Every structure is written in C-alpha cells, then in structure tokens.
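Below, each chain spelled out in residue letters.
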Amino acid sequence: MHPLEKIVQQHKSGKQNGIYSVCSAHPLVIEAALLQALDNDSFLLIEATSNQVDQFGGYTGMTPADFYQYVIEQAENVGFPIEKLILGGDHLGPNRWQHLNAEEAMANADVLIAHYVAAGFKKIHLDCSMSCADDPIPLTDEIVASRAARLAVIAENTAKKAFGTSDIVYVVGTEVPVPGGAAEELDTVEVTSSDAARKTLECHRQAFQDVGVGDCWERVIGLVVQPGVEFDHTGIIDYQQEEAQALSQVVNDYSHLVFEAHSTDYQTKEAYKQLVHDHFAILKVGPALTFAMREGLYALCSIEETLFPLEQCSRLREKMEQLMCREPGFWQKYYHGDEHQQAFARVYSFSDRIRYYWPDAEINAAIDILMDNLSVNPIPLPLLSQYLPYQFTQFREGVIDGSPRSFVIAKIRDVLSVYADACYVH
C-alpha cells in the first residue's frame, strides 16, 4: 500500500492526521523540508508543478527525471531515508499549453504525464480544468473528467511498462482561483459547494470507468476543492471553519479519499489544525516557503551592507530588481498599479512571483558572494537581533549553527514547522 494511502486510512479512522506538500524546486527549500521531516521522523511529500518541471525543462530547466534525481541527491546529502520520500506532480495537464488548441495541448500533457510517471513520481494530480484556445470557458465537468481519465490511462500504462505494476495515487479536481495565489485583491473567496464536489467526483469516477481504468479509482486519494483560503498580494483570507462544514462532510461518503487544499500559505496555526480536522488533510504550501527564504536572504543583505563597503557586497537585491525589470514575463500580468506599486509587489507580494527568478545564474552567483562575505566572521549578535530576531533567539538557544545559510534554512523551517504541528499525530 502506498504511504499516502496509509495516511488517508489513518485520517479516515479518526486520527486527525494529515500531510503537507512542499511545492518548490529551490535547493534551500528542499533542504529545509528534508531537515524538518528528518527531525519529525516523518514522510515528506515534495511536488513539482507543471510550471516548474516538464518535458521541456519548465522554468527551472529540469525535466521530471532531472527533478527526481535532484531531490534524491539532496535527501542523500542530509541523510534523509529515501523510503520516506514521496514525489508528486501538481496540476499536471494542459496548463502550460493553454494557448494551443485542445488536442495539441493534450498531446503535450500526454507526454508530460508519461515523463513524470516513468521518472518515479508516485502522486499525480490530474488537472485538466483549464480551457485551451479552442475550448469553451469554462469547461464542463464532463470534459475536464474525460481529459483527466485520458491522462490516467497513460499514467497507468507507463507505470506498468516501467515498473511492472502501478501503485500511483491520484488527486483530481482544482481550486479556484488559479494556482499560486490570486492575481487581484480579494475580500472573500467562495467555498466549493458540496454538490459541486460530489459532481466532480462522480464525473471522474465515471470517466475512469469509461476508459478502462476504473480499477484504479480506489487509488484516487484526494479531491482538490476551495475550502475558503486564499491570499493576494498583500492580504490573506483566513479559513472560516463554519463556512466549510457542509463541504467537509462530503468525503465521509468515500472510504478512500480526503480533500487536498491548495493556496494554504500564510494561514494561522489554528487554521491549519482546523483544516486537517475538517478533512482537508493534504495541505499544499509553496509561495510561503520561498517568501520566507527571500525574507532571510534580504535580511542577510541588510547585515552585509552594514558590515562591508558597497563595492564588496553581493548587491543581491539590486541584481534581482534589475533582472525582474529586464525580464518581466513572470510578473507583469499579475502586478498592477503605478511604478511604485509594481516595485513594491516585485519584492513583497505574498504571491511571490520573485520565486521564478531564483534559478538565474547571476542571482545564484550573488547569493554565493553574500554567503561568502558573511562567513568570514560570525555575524554580530546585535545585527542578528535587528534583522533576524527569531533566528537570533534560535542561535542563542543552540538550535542553529550560526552560518548565514543556517539562518535562511531556519526561516523556511519556521513555516514548515507550523504545517508539521497541524498534520502529525503527537
């Protein structure tokens, strides 16, 4: 039985447990996640999204096989047991090719799924909810489900060819709005209705049956819905438990699945516990991790600029701003307003479009300079207190070792530890 199936079974038996899913490809985030799970002695679920990783390289430059090997190597480097590592693919479908006609987009999605499964990814989120160039808007549940079932056939056949059998677990459905946080300011977000959730499940179950993969329906462990959590550039919509009660009861009718909640970044500790209690037992986190990483790196930049003459500094913040202005493709559609408002959003937006720029070679060279500069001598305690106050306390208590890298890792783990506390049975 797949480890995620066991976790779902435990939850269904009343243990109030869950698992969080780390949706990031950044090496510092991956390292922090591995160390957090190692300390918790827990399974770790890491997922690549269809934007980050695809057969053409995605924005990270990695194919699914590259990403899989990369995470395995990271795990080995920190001594994390490979048998406790679960890799998944998020929003796999025609997402990257919506500008193409549906059949061409789906042909690319076919290849995408095959690459993910052949590489060894065992958790697959089938998401065909997006309209392609020649599609109606929005798509019907039946079209979405039939396309997802088409991809399930490819996944099952690829797994059997590559490994002799298939133990892939699937997630279906999608949240609203689109992945990665809202592009516009939000006051509220509509919770998925219980009727809509049931219809999504029934359409997918029937579609799986129609194309001959009905036997793997029991391995559909999650349904993505909108429990009423979201964030935009500067605001967070908090989970309102009472608003989601009708929806939360839907999974009681299905012995093999729970809800998967996306865009759960930046919620409160209590909200995560409530979400898991209400059967939103797979919690996705992505932008909040790279947001915390950016906070840590930019805090170190402030320390660096206090200690060193400007010509010796990494100038990481300046180089990042120049890169984002030179290549605005990842943020321009999302950050509106005047020049000042856009500049603010490029750095501080909760949607964290800056995360798309970290793989750049010049940016990574600047990070290396930053780390080298701050490794020459211990960072003075007053500067740690000023710019990284919580990490100052962690260092004083002996929790972290005091290297500049350790402060950034600790910032990321601060986010992960809240998820861990909500998901694990203690």
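The sections below set out a description of the structure shown in this document. (Residues numbered from 1 in each chain as written. Predicted model: local features only at pLDDT ≥ 70, side-chain atom pairs only at ≥ 80, totals over all residues. Heavy atoms only, no water.)

1. Concerning the overall build of the chain
In terms of regular secondary structure, the chain is built from 15 helices and 10 strands. Rg of the C-alpha trace for the chain: 21 Å, near the compact-globule value of 22 Å for 426 residues, within the 12% margin. Each principal axis of the C-alpha atoms in the chain carries an extent, and together these give about 70 × 50 × 45 Å. Within the span of the chain, comprising 426 residues, buried residues form 58% of the whole. Residue pairs at least 24 apart in sequence account for 74% of intrachain contacts in the chain once pairs closer than 6 positions are excluded. Total accessible area computed for the chain in this model is approximately 17600 Å², and 51% of it derives from carbon and sulfur atoms. (Helix = DSSP H or I, 4+ residues; strand = E, 2+ residues; numbered from the N terminus. Rg over C-alpha atoms; globule rule 2.2 N^0.38 Å. Buried < 20%, exposed > 50% of the residue type's maximum accessible area, 1.4 Å probe, protein only. Contact = heavy atoms within 4.5 Å. Areas by Shrake-Rupley, 256 points an atom, 1.4 Å probe, with all protein chains shown as cover.)

2. Let's talk about the nonpolar core
Among the nonpolar cores identified, the biggest contains 133 residues, and L44, F67, L85, I124, L297, L316 and W358 are the most heavily contacted of them. Take this core: its biggest share by element is 12 residues, from helix α15 (residues 404–423). Among residues more than four places away in sequence, those in contact with L316 are L297, Y298, C301, W358, I363, A366, I367 and L370. (Core = buried A, V, L, I, M, F, W, Y, C linked by side-chain atoms within 4.5 Å.)

3. Examining the pattern of salt bridges
For the structure on display, the rule yields 24 salt bridges. A salt bridge links K123 to E260, with the shortest nitrogen-to-oxygen separation between them at 2.8 Å. Here the residue K123 occupies a position in strand β4 (residues 123–126), and E260 occupies one in strand β9 (residues 258–261), the gap between them amounting to 137 residues. For E318, the salt bridge is made with R315, and the minimal N-O distance between the two is 2.9 Å. By relative accessible area, R315 is classed as partly exposed at 33%. (Salt bridge = Lys/Arg side-chain N within 4 Å of Asp/Glu carboxyl O.)

4. Considering the layout of surface pockets
Its volume calculated, the second largest pocket comes out at about 340 Å³. Along the wall of the second largest pocket there are 17 residues; nearest its centre are V399, I400, I409, A410 and R413. Elements with a contribution of two residues or more to the lining of the second largest pocket: α2 (27–40), α14 (389–396) and α15. For the lining of the second largest pocket, the leading source of residues is α15, giving seven residues. Its residues assigned to classes, the lining of the second largest pocket comprises six nonpolar, five polar and six charged. (1 Å grid on protein atoms, 1.4 Å probe; cavity = no way out; pocket = protein on both sides within 12 Å on 5 of 7 lines; lining within 4 Å. Points joined across faces, edges and corners; volume = space filled by probe spheres on them. Nonpolar A, V, L, I, M, F, W, Y, C, P; charged D, E, K, R; others polar.)

5. Brief notes about the environment of L126
Here L126 is to be found in strand β4. The residues contacting L126, other than those within four sequence positions of it, are L92, I113, A148, L151, A152, Y170, V171, V172, G173 and F208.

6. Concerning empty space enclosed by the protein
For the structure shown, the criterion picks out one cavity of 30 Å³ or more. Its volume calculated, the largest cavity comes out at about 40 Å³. Around the largest cavity sit L4, I7, V8, H11, G18, I19, V258, A281 and I282, which together line it. When residues in the lining of the largest cavity are grouped by element, the largest group, four residues, is from helix α1 (residues 3–15). Partitioning the lining of the largest cavity into residue classes produces seven nonpolar, two polar and no charged.

7. Details of the packing of helix α8 (residues 269–277) against α15
The N-to-C vectors of α8 and α15 enclose an angle of 35 degrees; their axes lie 8 Å apart at closest approach. By crossing handedness, the relation of α8 to α15 is classed as right-handed. Where α8 approaches α15, its residues K269, Y272, K273 and V276 are matched on the opposing element by V418, Y419, D421, A422 and C423. Of the residues that constitute the contact of α8 with α15, the class distribution is six nonpolar, no polar and three charged. (Axes fitted to C-alpha atoms, helices over the stretch in contact; angles between N-to-C directions. Left-handed = near helix turned anticlockwise from the far one by under 90°.)

8. What about the state of the cysteines?
All told, the structure shown has zero disulfides when counted by the stated rule. Looking at C325, it has no disulfide partner, and the nearest cysteine sulfur is the one in C301, 17 Å off. Looking at C325, the relative accessible area reads 40%, which means it is partly exposed. Of all cysteine sulfurs, the one in C23 lies closest to C423, which takes part in no disulfide; the gap is 13 Å. (Disulfide = S-S within 2.5 Å.)

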